[in-house]
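So the chains spell out like this:
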Amino acid sequence: MILITGGAGYIGSHCAIEFLNNGYELVIFDNLENGHIETVRTLEKIGKVHFIQGDLKNIDEIDNVFKNFNIDSVIHFAGFIQVEESVENPSKYYRNNIIGSLNLFDSMVKHNVKNIIFSSTCAIYGEPKYMPLDEKHPKNPINAYGRTKLVIEEILEDYDKAYALKSIKLRYFNVAGADSQSRIGEWHEPETHLIPNILKSVFDKDKTFKIYGNDYDTFDGTCIRDYVNVEDMARAHKLAYLYLKENNKSDEFNIGTQQGSSVAEVFQTAKKVTQKEISVLIEPRRAGDAAILFADASKAKKILNWESQKTLEDSIRTAYLWEKTRH
Ligand code: UDP
């Protein structure tokens, strides 16, 4: 059985579908602070899911999961993810992300569960020194969110040496899109991400979409990011899981498309996909945004045989279809 922490959240739930489609039985552990019970109910209809509402900050709650279920591996998504909030309230991020992860890892060691896939982020690299970003790029996160993820990666390295806890860290670029059958999708409150915010302006005429900065040193002045489809991302987790089971070796991989799209390009693509006029305003830059970020994901291709398959248009289309189900 596989334990998915944060399985009621955005990427965790898409990953759960990937594993359920492949016949795995899952335990989903989520405190529902940001995850949704509706998402869990949807997953329960797709395959064998045991849902435990619990908080990683309480070690007994996670320890009981290992006592009560025969867990063989863990996929660890649970954590706070908002960069801006992490700068304003680092205590919340360090307490939740780091203490929660430590409790999880200690329970794993105690119950002799030795495989984990960890959701990391390209935010651990910080201000880019070169592009595309490969796994060897220096790691200097510029916000508390990125720092929590880097610290957790480092804890995992120490736990490997000391306790033979084997981990694959997947460093996500910008994850986008929704389930291709529109059963689940991106659902954050508040929403800060680009594509859902553009789509919100399609449905809510009072919500003008804001581009944060058009004076960056890029070809059109707006920021460039690497938007990787959430189902491709879910497949990366399955391949990482199989690799870890077969090789029993820790490693880390960038997961991205290796292609950059500017905010203005994403906006244009959204207009094309939705066939709607969307009102837009240019706003000042948002704090902490790098001009350009995209992945060198060749290591994932070489070792995991993972490659991005879906396009930005696919992601916007599925995100749009999902938003439609909510309106
Ligand atoms: N962005 C924007 N308007 C929005 C949300 C995001 O212009 O309503 C920009 C943001 O400044 C960044 C890019 O879109 O350059 C991607 O932002 P997002 O929050 O989706 O992901 P991040 O790169 O911060 O992880």
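Residues numbered from 1 in each chain as written. Predicted model: local features only at pLDDT ≥ 70, side-chain atom pairs only at ≥ 80, totals over all residues. Heavy atoms only, no water.

Participant: Is there a simple way to explain the side chain of Ser-119 in this structure?
Facilitator: As for its placement among the helices and strands, Ser-119 is situated in strand E5 (residues 115-121). Looking at Ser-119, the relative accessible area reads 4%, which means it is buried. Within the local environment of Ser-119, its side chain forms a polar contact with the backbone oxygen of His-76, the two atoms lying 3.2 Å apart. Those residues within four positions of Ser-119 in sequence are excluded, and the remaining contacts are His-76, Phe-77, Lys-149, Leu-170 and Tyr-172. (Helix = DSSP H or I, 4+ residues; strand = E, 2+ residues; numbered from the N terminus. Buried < 20%, exposed > 50% of the residue type's maximum accessible area, 1.4 Å probe, protein only. Polar contact = N/O pair within 3.5 Å; in protein donor to acceptor, adjacent residues only side chain to side chain. Contact = heavy atoms within 4.5 Å.)

Participant: Which parts of the structure should I look at to understand the pairing of strand E3 (residues 49-53)?
Facilitator: On a regular strand, each side chain points to the face opposite its neighbour's, so the side chains alternate between the two faces of the sheet. Bridge count for strand E2 (residues 26-30) against E3 is five bridges, and the pairing is parallel. Pairing of Leu-26 across the sheet is with Val-49, part of E3. One crossover worth recording links E2 to the parallel E3 by way of helix H2 (residues 37-46), and it is right-handed. (Pairing = 2+ DSSP bridges. Right-handed = clockwise from strand over helix to strand, strands pointing away.)

Participant: Can you walk me through the pattern of salt bridges in this structure?
Facilitator: In a structure, side chains of opposite charge can pair up when their charged atoms sit close to one another. With the rule as written, the count across this model stands at 23 salt bridges. The partner of Arg-317 in a salt bridge is Glu-313, with the nearest N and O atoms 3.2 Å apart. Residue Arg-317 and its partner Glu-313 are both found in helix H11 (residues 312-325); the two are separated by four residues, about one turn of the helix. Residue classification places Glu-313 among the partly exposed residues on the basis of a relative accessible area of 26%. (Salt bridge = Lys/Arg side-chain N within 4 Å of Asp/Glu carboxyl O.)

Participant: Would you take a moment to explain the packing of aromatic side chains for this structure?
Facilitator: Describing an aromatic ring pair means giving the distance of the ring centres and the angle of the ring planes. A full pass over the atoms with the stated rule returns ten aromatic pairs. Ring centres of Phe-19 and Tyr-241 lie 5.5 Å apart, and the angle between their planes is 85 degrees; on these two criteria the pair is classed as edge-to-face. Pair noted here: Phe-19 is in helix H1 (residues 10-21) and Tyr-241 is in helix H8 (residues 230-247), with a separation of 222 residues, a long-range link. Per residue, the accessibility class of Phe-19 equals that of Tyr-241, and both read buried. Between Phe-80 and Tyr-93 the ring centres are 5.6 Å apart and the planes differ by 55 degrees, which places this aromatic pair in the tilted class. Taken together, the residues Phe-80 in the loop between strand E4 (73-76) and helix H4 (83-88) and Tyr-93 in helix H5 (residues 90-110) connect sequence positions 13 residues apart. For Phe-80, a relative accessible area of 8% puts it in the buried group. On the basis of relative accessible area, Tyr-93 is assigned to the buried category, the value being 1%. The ring of Phe-80 has Lys-92 lying over it, and the distance from NZ or CZ to the ring centre is 4.6 Å. Positioned above the aromatic ring of Phe-253, the side-chain terminus of Lys-299 is 5.0 Å from the ring centre. (Phe/Tyr/Trp six-rings, centres within 6.5 Å; stacked < 30°, edge-to-face > 60°. Lys NZ or Arg CZ within 6 Å of the ring centre and 35° of its normal.)

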